[in-house]
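# Descriptive structure summary
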Amino acid sequence: MVTPVAEREAVAHLLADHGMSERRACRVLGCCRMTARYQTVRVDDVVLREGMKAMAHKRRRFGYRRLHVLLRRFRTLTVVDNCTRECLALVADTSLSGVRVARELAAIIERRGKPMMIISDNGTEFTSNAILAFADKRKVDWHYIAPGKPTQNAFIESFNGRLRDKLLNETLFPSLAHARATLADWRDDYNVDRPHSSIGWQTPNEYAATFALQRGLTLRPMTSSAPAPVAQPAHLGKTEHRSLAQVG
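Residues numbered from 1 in each chain as written. Predicted model: local features only at pLDDT ≥ 70, side-chain atom pairs only at ≥ 80, totals over all residues. Heavy atoms only, no water.

Moving on, we get to the nonpolar core. Core analysis: the largest hydrophobic core is formed by 19 residues, its most contacted members being Leu77, Val79, Leu105, Phe134 and Trp142. Of all elements in the fold, only strand E1 (75-81), strand E2 (87-93), helix H6 (98-112) and helix H7 (129-138) reach the threshold of two or more residues within this core. A total of six residues in this core trace back to one element, the largest contributor, which is H6. (Core = buried A, V, L, I, M, F, W, Y, C linked by side-chain atoms within 4.5 Å. Buried < 20%, exposed > 50% of the residue type's maximum accessible area, 1.4 Å probe, protein only. Helix = DSSP H or I, 4+ residues; strand = E, 2+ residues; numbered from the N terminus.)

Turning next to the packing of H6 against H7. Where H6 contacts H7, the axes come no closer than 8 Å and their chain directions differ by 25 degrees. With respect to H7, the element H6 is oriented roughly parallel. For the pair H6 and H7, contact is made by Gly98, Val99, Val101, Ala102, Leu105, Ala106, Ile109 and Glu110 and by Ala130, Ile131, Phe134 and Arg138, respectively. In terms of residue class, the contact of H6 with H7 is built from nine nonpolar, one polar and two charged. (Axes fitted to C-alpha atoms, helices over the stretch in contact; angles between N-to-C directions. Parallel < 35°, antiparallel > 145°, perpendicular 65-115°, else oblique. Contact = heavy atoms within 4.5 Å. Nonpolar A, V, L, I, M, F, W, Y, C, P; charged D, E, K, R; others polar.)

We now examine the environment of Ala209. Locating Ala209 in the fold gives a position in helix H10 (residues 204-215). Along the sequence, Ala209 and Thr84 sit 125 residues apart, while their C-alpha atoms lie 9.2 Å from each other.

Within the secondary structure, His68 sits in helix H5 (residues 64-71). Judged by its relative accessible area of 46%, His68 is partly exposed. On a C-alpha basis, the gap between His68 and Gly51 in space is 10.0 Å, while along the polypeptide they are 17 residues apart.

A separate point is the pairing of E2. Among the seven residues that make up E2, seven are buried, leaving the element largely enclosed by the rest of the structure. With six bridges joining them, E1 and E2 adopt antiparallel strand pairing. Bridge pairing links Val80 to Cys87 in E2. Between E1 and E2, which follow one another and run antiparallel, lie five residues, and Arg85 among them has a positive phi close to 70 degrees. (Pairing = 2+ DSSP bridges.)

Right, let's talk about H7 for a bit. Taken together, the buried positions of H7 are occupied by Ile131, Phe134 and Ala135. One side of H7 holds all its buried residues, which, seen down the axis, span an arc of 95 degrees. Exposed and facing more than 90 degrees away from the buried side of H7 are Asn129, Asp136 and Lys137. In this fold, the buried residues of H7 make contact with H6, strand E3 (117-120) and strand E4 (141-144). (Arc of directions from axis to C-beta.)

Glancing now at H6. In a regular helix each residue adds 1.5 Å, so 15 residues correspond to 21 Å; H6 covers 21 Å between its end C-alpha atoms and thus fits that length. Taken together, the buried positions of H6 are Gly98, Arg100, Val101, Ala102, Leu105, Ala106, Ile108, Ile109 and Arg112. Gly113 sits one or two positions beyond H6 and adopts a positive phi of about 100 degrees. (Expected span 1.5 Å × (residues − 1).)

Among the secondary structure elements, Arg162 is positioned in helix H8 (residues 154-166). With no salt bridge to any partner, buried Arg162 finds its closest opposite charge in Asp165, at an N-O distance of 7.9 Å. Once residues within four sequence positions are removed from consideration, Arg162 is found in contact with Leu167, Trp186, Tyr190 and Arg194. (Lys, Arg positive; Asp, Glu negative; His and termini not counted. Salt bridge = Lys/Arg side-chain N within 4 Å of Asp/Glu carboxyl O.)

A separate point is the packing of aromatic side chains. The tally for this structure, following the rule as stated, stands at six aromatic pairs. Here the aromatic rings of Phe74 and Phe173 are separated by 5.4 Å at their centres, their planes lie at 75 degrees, and the arrangement is edge-to-face. Of this pair, Phe74 sits in the loop between H5 and E1 while Phe173 sits in the loop between H8 and helix H9 (176-192), and the two are 99 residues apart along the sequence. Measuring from centroid to centroid gives 6.4 Å for Phe126 and Trp142, while their planes differ by 40 degrees, and the two rings are tilted. Taken together, the residues span a long stretch of sequence, with Phe126 in the loop between E3 and H7 and Trp142 in strand E4 at a distance of 16 residues. (Phe/Tyr/Trp six-rings, centres within 6.5 Å; stacked < 30°, edge-to-face > 60°.)

As enumerated under the stated definition, the model contains nine salt bridges in all. Ionic pairing is found between Asp93 and Arg180, a salt bridge with its closest N-O pair at 3.2 Å. Placement of the pair is Asp93 in strand E2 and Arg180 in helix H9, with a sequence separation of 87 residues. Exposure remark for Asp93: the relative accessible area of 14% places this residue in the buried category. Of the charged contacts, one joins Arg138 and Glu110 as a salt bridge, the two residues approaching to 2.9 Å between their closest N and O atoms. Taken as a pair, Arg138 in helix H7 and Glu110 in helix H6 lie far apart in primary sequence, 28 residues in all. On the basis of relative accessibility, which here comes to 24%, the residue Arg138 falls in the partly exposed class. Glu110 sits in the exposed class, given a relative accessible area of 59%. Residues joined by salt bridges that share partners form a network here, namely Asp93, Arg100, Glu104 and Arg180.

So this is what it looks like as structure tokens:
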């Protein structure tokens, strides 16, 4: 017996088949009673285990360390314009701090103008001091949904579900760089080519263009390198019809 699992199995055998007490079985086997009584608290990640089995079957010469690298997950910051349904950002990284989120939102505001309100859940990256300072400095109203009420953030939850179903759950990302490139391509397709039922089967880019025509603005195509504005710049001196932005 060279492992704790083997020791526990041996103790269980003596208890069941020979009627020994736990104390005597542990003394006979030289096993610590704490080891015999230990119960694992490890979470049984069925999805991860099945994913490793499927990949091991496909790549038979890979060890568990290499398989773990291929299956390592990452986090994604998603930002959606409630009005036009445009995806304003898809930021993938191994971690997303409040400072990083504030920096990404500041970049969006510089490109598109300030939204009327930003809506988010109560994740630590959104409730950090960095975000509070960002909202105060930019004079942006920030609304937190009630804890455990994702329906109050319905647009971003629907978008995140679509992103998982259509891309994340269907794609194996060999590296973070590959994930970022794939997400950028998917975002361009979502904004430029994919019709949306809630906006009259227009693409988000086409729907955003109708607002630009009403305001007399020239709207550039919605791509990763040339995003469309959420609202007209304040210096034009016209009434602003600002949108809501949601992050998740």
